[in-house]
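Residue strings, one per chain:
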Amino acid sequence: MDKTANQRIMGMDAQNGRWILIVLGMIINLCLGTIYSWSVFVAPLTNYFTTQLGQTVNANEILLPFSVFLAFFSIAMPFTGKYIEKYGPRNMVIVGGILTGLGWLLSSFSTSVMMLYLFYGVIAGIGVGIAYGVPVAIASRWFPDKRGLAVGLTLLGFGFSALITANIAGYLIAASGVMNTFRVFGIAFVILIVLLALPLRFPSVDWTPKGWAPNPPEPGKDALCELMREDMVRTKSFYALWICYFIGCLAGLMAIGISKPLGVEIGVETTLATTLVGVFAVFNGFGRPIFGFLTDGLTPRNTAVLSFILIALASLMLMVMPSVIVYILAFAILWGCLGGWLAIAPTTCGSYFGNLDYPRNYGLLFLAYGAGGIVGPQLAGFIKSSTGSYLGIFPYVLILAIIGLILAFTLLRPPQTTVKTQ
């Protein structure tokens, strides 16, 4: 029986229609990825709490909602992974989209930074955590033949989000204030994500792309791995990938959180600094399909090594010769490598551990993203508060990049399985 038969997506043959699901996932992630515009909100929020509410806030406090969001985003992923199979991708994205929009909407009524932690950080963060993994899982299921490229394209929207939403946010903040901007975004996200979720679904268990079959193992090599989460955590490969993912995300999320204020600190005009957040988002967006494609072709290990070389180079440039040109080049690299890791990690997860328990496997791996989102911005905020400059963060990032490079080169490889070829 032809396994590609009787599979249709929005009236199209599944072989071609599956690309529509990539586009829908891309737009959903564009909405979810508005977190990457947070640096545009930092100064307006600081001004709002200090001048309009008479509260004293510092860099750490205004960066903390960003970190709380990322923490709950990543925590929600492993807990909701199993429910994707139970309730279906459409329902999970709808629930996540409603929570995301609600978190933004409630944030518009915040009268303290603590309320932002709850509404924006916890509620919106959980919403994104519920919805984010679904388009990734859909891409991995529908595209076993082009997994890295499909996952990277799906996540393109998350990376590109700041290109669009940072400029929209900047316009709305200037026109009607920072809290009204939260309100507008919240309403828009509920409407858009719910509508975009309606066509989402997984292929049937026996579906495969036309003309494609899994590559057979080479003589003497291990057979294709399909591991449940309980087995995955017993492998060295999982821990090597988790730590590498953590380092890549720490560097990138730190850069995202301080992009605008560091640019202004170095000498970039405020309006240009806002525009550059959108420019960096282009690199973050394209980093996903590019690094996904490289992961397919160069192997995860070699692609990870390349990313850490680039992160180390960017950090070294900012340490040795900080300037506007160096800032633009270095932050383009850091944003691009973050996008890269958000393609390298899910692609490697599918390649190393299989699709059988993919939502739960990648959900657990995604905790590295949350850990990086907490440590990176908070370390940057601490250094800013203690030294008066964000530049002191980059020696630490350089050291971590070197550690990641060594770890990836020595330990990042497919796990050994118990099934051997005869």
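Procedures and definitions
- Residues numbered from 1 in each chain as written.
- Predicted model: local features only at pLDDT ≥ 70, side-chain atom pairs only at ≥ 80, totals over all residues.
- Heavy atoms only, no water.
- Helix = DSSP H or I, 4+ residues; strand = E, 2+ residues; numbered from the N terminus.
- Rg over C-alpha atoms; globule rule 2.2 N^0.38 Å.
- Buried < 20%, exposed > 50% of the residue type's maximum accessible area, 1.4 Å probe, protein only.
- Contact = heavy atoms within 4.5 Å.
- Areas by Shrake-Rupley, 256 points an atom, 1.4 Å probe, with all protein chains shown as cover.
- Lys, Arg positive; Asp, Glu negative; His and termini not counted.
- Charge placed at Lys NZ, Arg CZ, Asp CG, Glu CD.
- Phe/Tyr/Trp six-rings, centres within 6.5 Å; stacked < 30°, edge-to-face > 60°.
- Axes fitted to C-alpha atoms, helices over the stretch in contact; angles between N-to-C directions.
- Parallel < 35°, antiparallel > 145°, perpendicular 65-115°, else oblique.
- Left-handed = near helix turned anticlockwise from the far one by under 90°.
- Salt bridge = Lys/Arg side-chain N within 4 Å of Asp/Glu carboxyl O.
- Expected span 1.5 Å × (residues − 1).
- Core = buried A, V, L, I, M, F, W, Y, C linked by side-chain atoms within 4.5 Å.
- Disulfide = S-S within 2.5 Å.
- Nonpolar A, V, L, I, M, F, W, Y, C, P; charged D, E, K, R; others polar.

(A) Representation of the overall build of the protein chain in the model. For the protein chain, the helix and strand inventory stands at 16 helices and two strands. Taking 22 Å as the expected radius of gyration for a compact globule of 422 residues, we find that the protein chain reaches 21 Å, a close match to that expectation. Seen through its principal axes, the protein chain has C-alpha atoms that stretch 70 × 45 × 35 Å. Sorting the 422 residues of the protein chain into buried and exposed places 57% on the buried side. A sequence separation of at least 24 residues applies to 85% of the contacts in the protein chain between residues at least 6 apart. Taken as a whole, the protein chain presents about 16,400 Å² of accessible surface, with 70% of it coming from carbon and sulfur. Computing the positive centroid from 23 side-chain charges and the negative centroid from 15, the protein chain places the two 2 Å apart.

(B) Representation of the packing of aromatic side chains. Evaluation of the coordinates by the stated rule reveals 37 aromatic pairs. With centroids separated by 5.3 Å and ring planes inclined at 40°, the aromatic side chains of W104 and F182 adopt a geometry described as tilted. Of this pair, W104 sits in helix α4 (residues 89–107) while F182 sits in helix α8 (residues 178–197), and the two are 78 residues apart along the sequence. The residues W104 and F182 share a single accessibility class, namely buried. With 5.6 Å between their ring centres and 40° between their planes, F185 and F189 make a pair best called tilted. In this pair, F185 and F189 both sit in helix α8, four residues apart, roughly one turn of the helix.

(C) A look at the packing of helix α10 (residues 236–266) against helix α16 (residues 394–411). The contact between α10 and α16 brings their axes to 9 Å, and the two run at 155°. Put simply, α10 runs roughly antiparallel to α16. Along this stretch, α10 crosses α16, giving a crossing that reads as left-handed. Only F394, V397, L400, A401, I403, G404, L407, A408 and L411 of α16 make contact with α10, whose side of the interface consists of A240, I243, C244, I247, L250, A251, M254 and L262.

(D) Looking closely at the pattern of salt bridges. Applying the stated rule across the entire model yields eight salt bridges. Measuring nitrogen to oxygen at the nearest pair gives 2.9 Å for the salt bridge that ties R234 to D231. Its relative accessible area of 65% is what places R234 among the exposed residues. One salt bridge connects D357 with R360, and the closest N-O pair in it is separated by 2.9 Å. Among the charged side chains, a salt-bridge network with shared partners connects R18, D145 and K146.

(E) Looking closely at α16. In this model, α16 (18 residues) spans 25 Å end to end at C-alpha, consistent with the 26 Å of a helix rising 1.5 Å per residue. The complete set of buried residues in α16 reads F394, V397, L398, A401, G404, L407 and A408. In the core, the buried residues of α16 are packed alongside α10, α12 (300–320) and α13 (324–353).

(F) Expanded view of the nonpolar core. Of all hydrophobic cores here, the largest spans 134 residues; its most connected members are Y132, Y245, F331, Y362 and Y369. At 17 residues, α13 tops the list of elements feeding residues into this core. Look past the residues within four positions of Y369 in its chain and what remains in contact with it is Y36, L70, F73, S74, F158, Y245, C249, L253 and L342.

(G) A look at the state of the cysteines. Across all of its chains, the model carries zero disulfides by this definition. Looking at C244, it has no disulfide partner, and the nearest cysteine sulfur is the one in C249, 11 Å off. On the basis of relative accessible area, C244 is assigned to the buried category, the value being 0%.

(H) Highlighting the packing of helix α14 (residues 358–365) against helix α15 (residues 367–387). In the contact formed by α14 and α15, the axes pass within 4 Å of each other and the chain directions differ by 20°. Between α14 and α15, the angle falls in the class roughly parallel. Residue-level inspection shows G363, L364 and L365 of α14 in contact with α15, the latter providing L367, A368 and Y369. When the residues that make up the contact of α14 with α15 are grouped by side-chain class, the tally is five nonpolar, one polar and no charged.

Everything listed is a geometric property; what it means functionally is a separate question.
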